[in-house]
Amino acid sequence: MAEAFEELSKLVKTCPSYHLRLITFCDACSLVSVLFGCLGIAFKFAELEYVSKIRDLLEASKTYDTLEDIIDRDIENNTVRSAGSHSRNLRRVRQGLDLIRALFEQFLLSDDFSLREAASAAYSQVCAPYHTWAVRTAVSAGMYALPVREQLLVRLNENGQSAEKQMRRYINASLPVIAYIDELYMARNISLDW
Ligand code: 1PZ
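Residues numbered from 1 in each chain as written. Predicted model: local features only at pLDDT ≥ 70, side-chain atom pairs only at ≥ 80, totals over all residues. Heavy atoms only, no water.

Asker: Give me the overall build of the chain: which residues, what numbers.
Answerer: For the chain, the count of helices and strands is 10 helices and zero strands. In sequence order, the chain lays out its α and β elements as α-α-α-α-α-α-α-α-α-α. Whereas a compact globule of 194 residues would reach a radius of gyration of roughly 16 Å, the chain reaches 17 Å, a difference of no more than 12%. Relative to all contacts within the chain whose residues are 6 or more apart in sequence, the contacts with residues 24 or more apart total 72%. Within the structure as shown, the chain displays about 10200 Å² of accessible surface, and the carbon and sulfur contribution to it stands at 54%. One finds the centroid of the 22 positive side-chain charges in the chain at a distance of 3 Å from the centroid of its 25 negative side-chain charges. (Helix = DSSP H or I, 4+ residues; strand = E, 2+ residues; numbered from the N terminus. Rg over C-alpha atoms; globule rule 2.2 N^0.38 Å. Contact = heavy atoms within 4.5 Å. Areas by Shrake-Rupley, 256 points an atom, 1.4 Å probe, with all protein chains shown as cover. Lys, Arg positive; Asp, Glu negative; His and termini not counted. Charge placed at Lys NZ, Arg CZ, Asp CG, Glu CD.)

Here you go:
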């Protein structure tokens, strides 16, 4: 994951108007699946939700070449925010990427921080403001079923040091990618409060 996002971040940093291909983006985002496998059954619904959005964007990549192509098409059709539209799903996937970034940041803040504390803090920062009460309630219940810190490391097949290194790589690489996606919307006068 860290490597794939480093590649993406190199691409989007090449020039301000770089056109990122949807298929390239989806390939990197698909790698998030390995994390889900480590979280346990309580986050199955988060996985299904995320994977369905990636699948939609992958399908869209057969018709639209770049990320901006799907946004421009949705602008023409007035469907940027419509449920299930590609632009909305792209926005949701972006939230997922940012959630992982925030989670890793929280995880690295302190060795004493439990995974549940880290995940709760990340979720309230990144996703909770955009989720319904029902979803927020389900997520906070699911937090209690997260593995403990050490168990997560075992499942990831990492130790404390190696995990820290990979998490930092992902944090640094995902930031420019997330900023790139936000800029696609903002350059088209689409606010990001949804
Ligand atoms: C160790 C990691 C712990 C992370 C814990 C965080 C769990 C987050 C759970 C998110 C559940 C999302 C449930 C469904 C939300 C939907 O209402 C929204 C709106 O969908 P729409 O109306 O547009 O169809 N969907 C989203 O916001 C997509 C969010 C994807 C969340 C992906 C999480 C990825 C990261 C997890 C870490 C592996």
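Asker: Account for the site of the ligand, with residues named and values stated.
Answerer: Close to the ligand lie 19 residues, the nearest being E49, K53, R88, R92 and H131. A distance of 2.7 Å separates a nitrogen atom of the ligand from a polar side-chain atom of E49. In the model, an oxygen atom of the ligand is placed 2.8 Å from a nitrogen or oxygen of the H131 side chain. In the complex, 89% of the free accessible area of the ligand, which totals 850 Å², lies under the protein chains. When each cavity is represented as a set of grid points, the ligand is found to reside in the largest pocket. For the shell around the ligand, the elements supplying multiple residues, two or more each, are helix 3 (33-39), helix 4 (44-60), helix 6 (86-109), helix 7 (115-126) and helix 8 (133-143). Considered class by class, the residues forming the shell around the ligand number 14 nonpolar, one polar and four charged. (Near = heavy atom within 4 Å. Polar contact = N/O pair within 3.5 Å; in protein donor to acceptor, adjacent residues only side chain to side chain. 1 Å grid on protein atoms, 1.4 Å probe; cavity = no way out; pocket = protein on both sides within 12 Å on 5 of 7 lines; lining within 4 Å. Sits in = over half its atoms within 2 Å of the grid points. Nonpolar A, V, L, I, M, F, W, Y, C, P; charged D, E, K, R; others polar.)

Asker: Break down the UniProt feature "domain: Glycolipid transfer protein" (unreviewed entry) in the chain for me, citing the residues and quoting the values.
Answerer: Per the UniProt record, "domain: Glycolipid transfer protein" (unreviewed entry) is found at residues 23-158. Here residues 23-158 is 72% helix and 0% strand, with 29 Å between the C-alpha atoms at its ends. (UniProt positions renumbered as here; feature names shortened; annotations may be inferred.)

Asker: Would you mind going over helix 4 in detail, with residue names and values included?
Answerer: Relative to the 24 Å expected for 17 residues at 1.5 Å per residue, helix 4 spans 24 Å between its end C-alpha atoms, a close match to the ideal helical length. Each element contacted by the buried residues of helix 4 is listed here: helix 2 (22-30), helix 3, helix 5 (67-77) and helix 6. (Expected span 1.5 Å × (residues − 1).)

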